[in-house]
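In case you want the letters, here they are:
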Amino acid sequence: MIRRWRTLPLLLVGALAPTFSLASLPFENTAIVRSIELGGSLVHVSTTYAVKALQPGQTTYQIMLSKAERAKTSWFDVKVKGQTVPLEVAELGEDESSIGHLLSVSLPKELAVNGTLNLVLETVQTHATHPYPERATQKEPQLLKYEADLFITSPYATLVQRTKVRSSSPNVVSYTTPHDVDSFVKDGSVTKSGATITYGPYYNIQMDAVFIAKYQQPISVHYNFDHAVLEVKTLRRTAEISHWGSNLNIEDDIYLRNAGPTLKGHFSRLEHQSQSYFRKFSSHILSDLTLHLPPGVTNAYYYDQNGNVSTSHLRKTPSVAKGSKASQYSVLELKPRYPVLGGWNYSYTIGFDTPLEDSVSYDANNGIYNIGIPVMTLIPGAVVDDAEVKIILPEGATNVEFISPFPELSSTMSTHITYLDTTGRPAVILAYKDLTDKHTGMIYVSYQVPFSAHLKKPLSVSAAFFSVFAFAFMARRVDLRLHKK
Amino acid sequence: MDNYEAIQALHKSLPAFSPYVSASLLPPIALILLTSTFALAFYFSTLPKDTFPLRETVVASIASILGGFGVVVLFCSVGVNV
């Protein structure tokens, strides 16, 4: 009885022990290197953790992202360095002391004590940069600002860490110099060489609430960016499957915005023409787009609210068999009706047909059709804020199942009515947000269409014809003569 | 994710879709069906008015069926893939 009473305070101390003792953490990061590739709408961050296990039998490793960073991250994946298969990651949400957002990575195999492993976390951040100054004239360069936290967060102790910020051009206007980090550095706290700014190396970092309050600080890099910062505000993709015509039609309704610095002053057409004449293009004005469409594209169309836009060129490549890797893509070069300057919008519709044999497979044993439809056609360097993909199946399709390559915001089924439809066609609608260049997967839909459903269309048209004949039959027998003889 | 990869592999391995009627044959088929519909409709208009309209019904049915298929194939051959 007395012994049990004495163990109670010991239990309480034991429960608090993990927050006091460093040695109780199961891992130690021997080194962390974070590489930030600065872009326009998209910023690619690659963090390599050199992990050492301190306790036996470890099967999961936890990665911490700060809350602001998790809000900006729209895609992430964790791999063992050098391998191509991604590891399974579970999102744990905020940790107990609420300093960051935890991701739990399942290690490929159990790590013994003092076992080491290199894990690479790749993320794509969207809306992480903003133009600074926010307004610029037509001739001024485009300057963007990117902000991040100085220290890389991790629930485990780190022996050495560094952050490398890489800009696409060596024209970096300014970058912040960290303060109060003397206890962690041996040489300088930040160095710049060419287009790379290195923050670190910093030694012996232990992330906890005290450390964050005292030492964690934001760093920002103000740099020149030589490409248009594109943002697709809404993307509405419609994929229509036709078994009679053996054709898949994909139509994209795109609302595009140049998210660079807003134009200050007026747009000078003369200035723009002289730039294109002297080949000194202002790199942040969007004057044309190149899209890579699947091979075997026919009947491509491009129109906007005013009508057809003739400034486009399609270079076709022959169709390849379903599932095989295309060696060449069809190239569609689009020129918007007007050059899209900073802060300007342009909305247009493009569409094309591809043969159905290239996308649909048929399982004769159970009569199931499988189709793969790409989520979007990549516009290089652009982020898609809000995307909706509508897949319209043939009339009378049943047993519809679908799977998306990455989690969707919502999915619904509806009925779409178009030419020669009687009961309407089932349509699958998937909604997404913040899509990047890593989100170019295929949505797979499986459905069944009985033979009688195929006949629905011709028979409904036949019924219409027959009603005309029936009317003619009756009309012939009606005597409309005024005077009977 | 395993499920997605399994479906992707299945999609790749199964045979491709093949339509009942090949797409390149559609325009001539449309022409044949619609001209026969037109011819039969003309024939229908010349038939005598019998008490038991057997011939008229048969001709009208054949013409409607041919016309129904003809219109669907016509739509597909001009690009409105129904």
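Residues numbered from 1 in each chain as written. Chains lettered and ligands numbered in written order. Predicted model: local features only at pLDDT ≥ 70, side-chain atom pairs only at ≥ 80, totals over all residues. Heavy atoms only, no water.

Going by the annotation in an unreviewed UniProt entry, the name recorded for chain B is Dolichyl-diphosphooligosaccharide-protein glycosyltransferase subunit OST5, with Rhizopogon vinicolor AM-OR11-026 given as the source organism. In UniProt, chain B has this text filed under Sequence similarities (unreviewed entry): "Belongs to the OST5 family." Comment text from UniProt for chain B, heading Subunit (unreviewed entry), reads "Component of the oligosaccharyltransferase (OST) complex." (UniProt positions renumbered as here; feature names shortened; annotations may be inferred.)

Chain A is annotated in an unreviewed UniProt entry as Dolichyl-diphosphooligosaccharide--protein glycosyltransferase subunit 1 from Rhizopogon vinicolor AM-OR11-026. The Sequence similarities (unreviewed entry) field of the UniProt record for chain A holds the comment "Belongs to the OST1 family." Database annotation for chain A, UniProt heading Subunit (unreviewed entry): "Component of the oligosaccharyltransferase (OST) complex."

1. Digging into the overall build of chain B
A tally of helices and strands in chain B yields three helices and zero strands. What you see for chain B is a C-alpha radius of gyration of 21 Å, clearly larger than the 12 Å of a compact globule of 82 residues, by over 25%. The principal-axis extents of the C-alpha atoms in chain B amount to approximately 70 × 25 × 20 Å. Within chain B, the proportion of its 82 residues that are buried is 30%. The contacts of chain B with a sequence gap of at least 6 include a subset with a gap of at least 24, amounting to 52%. On chain B, roughly 4,800 Å² of surface is accessible, and the fraction owed to carbon and sulfur atoms is 73%. (Helix = DSSP H or I, 4+ residues; strand = E, 2+ residues; numbered from the N terminus. Rg over C-alpha atoms; globule rule 2.2 N^0.38 Å. Buried < 20%, exposed > 50% of the residue type's maximum accessible area, 1.4 Å probe, protein only. Contact = heavy atoms within 4.5 Å. Areas by Shrake-Rupley, 256 points an atom, 1.4 Å probe, with all protein chains shown as cover.)

2. A closer look at the packing of helix H5 (residues 451-476) of chain A against helix H3 (residues 54-77) of chain B
H3(B) packs onto H5(A) with a crossing angle of 140 degrees between their chain directions and a minimal axis gap of 7 Å. Taken as axis vectors, H5(A) and H3(B) run oblique relative to one another. The two elements H5(A) and H3(B) meet at a crossing, and its hand is right-handed. Facing H5(A), whose interface residues are Leu455(A), Lys457(A), Pro458(A), Leu459(A), Val461(A), Ser462(A), Phe465(A), Phe466(A), Phe469(A), Phe473(A) and Arg476(A), H3(B) presents Glu56(B), Thr57(B), Ala60(B), Ser61(B), Ala63(B), Ser64(B), Ile65(B), Gly67(B), Gly68(B), Phe69(B), Val71(B) and Val72(B). In terms of residue class, the contact of H5(A) with H3(B) is built from 14 nonpolar, six polar and three charged. (Axes fitted to C-alpha atoms, helices over the stretch in contact; angles between N-to-C directions. Parallel < 35°, antiparallel > 145°, perpendicular 65-115°, else oblique. Left-handed = near helix turned anticlockwise from the far one by under 90°. Nonpolar A, V, L, I, M, F, W, Y, C, P; charged D, E, K, R; others polar.)

3. Comments concerning the packing of aromatic side chains
Residues and elements named next belong to chain A. Per the stated rule, a full pass over the model turns up 25 aromatic pairs over all chains. A connected cluster of aromatic rings, assembled from ring pairs, spans Phe267, Tyr302, Tyr338, Trp344, Tyr346 and Tyr348. Looking at Lys186, its charged tip hangs above the ring of Tyr203, at a distance of 3.8 Å from the centre. Above the plane of the ring of Phe473 lies Arg477, whose end atom (NZ or CZ) is 4.0 Å from the centre. (Phe/Tyr/Trp six-rings, centres within 6.5 Å; stacked < 30°, edge-to-face > 60°. Lys NZ or Arg CZ within 6 Å of the ring centre and 35° of its normal.)

4. Considering the UniProt feature "transmembrane region" (unreviewed entry) in chain A
UniProt's entry tags residues 458-475 of chain A with the feature "transmembrane region" (unreviewed entry), counted in the numbering of this structure. Structurally, residues 458-475 of chain A is divided into 100% helix and 0% strand, and its ends, taken at the C-alpha atoms, are 26 Å apart.

5. Details of the environment of Glu88(A)
Residues and elements named next belong to chain A. Position of Glu88 relative to the elements: it lies in the loop between strand S4 (73-80) and strand S5 (89-94). With 289 residues separating them in the primary sequence, Glu88 and Thr377 have C-alpha atoms 27 Å apart. Setting aside chain neighbours within four positions, we find Glu88 in contact with Ser104, Val105 and Ser106.

6. Examining the interface of chain B and chain A
Counting residues at the interface gives 43 residues for chain B and 45 residues for chain A. Interface area for chain B against chain A, summed over the two sides, is near 3,800 Å², with a carbon-plus-sulfur share of 70%. Applying the counting criterion to the chain B and chain A interface returns two salt bridges. For Glu56(B), the salt bridge identified is with Arg476(A), shortest N-O distance 2.8 Å. The tally of links between chain B and chain A comes to 14 residue pairs in polar contact (both at pLDDT 80 or more). (Buried area = accessible area lost by both parts, 1.4 Å probe. Salt bridge = Lys/Arg side-chain N within 4 Å of Asp/Glu carboxyl O. Polar contact = N/O pair within 3.5 Å; in protein donor to acceptor, adjacent residues only side chain to side chain.)

7. Side note on the pattern of salt bridges
Residues and elements named next belong to chain A. For the coordinates displayed, the defined rule picks out 18 salt bridges over all chains. A salt bridge links Arg236 to Asp386; the nearest nitrogen and oxygen atoms lie 3.3 Å apart. Of this pair, Arg236 sits in strand S16 (residues 230-242) while Asp386 sits in strand S27 (residues 383-392), and the two are 150 residues apart along the sequence. Given the relative accessible area of 30%, Asp386 is considered partly exposed. Lys457 serves as the salt-bridge partner of Glu395, at 3.3 Å between the closest nitrogen and oxygen. You can see Glu395 sitting in the loop between S27 and strand S28 (398-403) and its partner Lys457 sitting in helix H5, a full 62 residues away along the chain. Salt bridges sharing partners connect three or more residues here, namely Glu240, Glu395, Asp421, Arg425 and Lys457.

8. Comments concerning the side chain of Arg70(A)
Residue and element names in this part refer to chain A. By the element assignment, Arg70 lies in helix H2 (residues 67-72). The exposure class of Arg70 is buried, given its relative accessible area of 17%. Setting aside residues no more than four positions away along its own chain, Arg70 makes contact with Leu65, Phe76, Glu91 and His101.

9. Focus on unusual backbone geometry
All names here are of chain A. Cis peptide bonds are those with omega within 30 degrees of zero, and the linkage from Tyr132 to Pro133 qualifies with 10 degrees. Along the chain, Pro133 turns up in the loop between strand S8 (129-131) and strand S9 (135-136). With an omega dihedral of -5 degrees, the bond running from Gly200 to Pro201 counts as a cis peptide bond. Residue placement: Pro201 occurs in strand S14 (residues 196-205). Even without being a glycine, Asp180 presents a positive backbone phi close to 60 degrees. With respect to the helices and strands, Asp180 occurs in the loop between strand S12 (172-175) and strand S13 (190-193). The phi dihedral of Ser246 is positive, around 55 degrees, even though this residue is not glycine.

10. Things to note about the pairing of S13(A)
Relative to S14(A), S13(A) runs antiparallel, the two sharing four bridges. By the bridge assignment, Ser193(A) is partnered in S14(A) with Thr196(A). (Pairing = 2+ DSSP bridges.)

11. Some remarks on helix H2 (residues 26-46) of chain B
Between its first and last C-alpha, H2(B) extends 31 Å over 21 residues, near the 30 Å set by a 1.5 Å rise per residue. Its buried side turned inward, H2(B) meets H5 of chain A together with H3 of chain B. (Expected span 1.5 Å × (residues − 1).)

12. Quick look at the packing of H5(A) against H2(B)
Where H5(A) contacts H2(B), the two axes come as close as 11 Å, and the packing angle between them is 20 degrees. As the angle between them shows, H5(A) and H2(B) are arranged roughly parallel. Considering only the axes of H5(A) and H2(B), their crossing is right-handed. For the pair formed by H5(A) and H2(B), the contact residues are Phe465(A), Phe469(A), Ala472(A), Phe473(A) and Arg476(A) on the first element and Thr37(B), Ala41(B), Phe44(B), Ser45(B) and Thr46(B) on the second. Each residue belonging to the contact of H5(A) with H2(B) can be placed in one class, and the counts come to six nonpolar, three polar and one charged.

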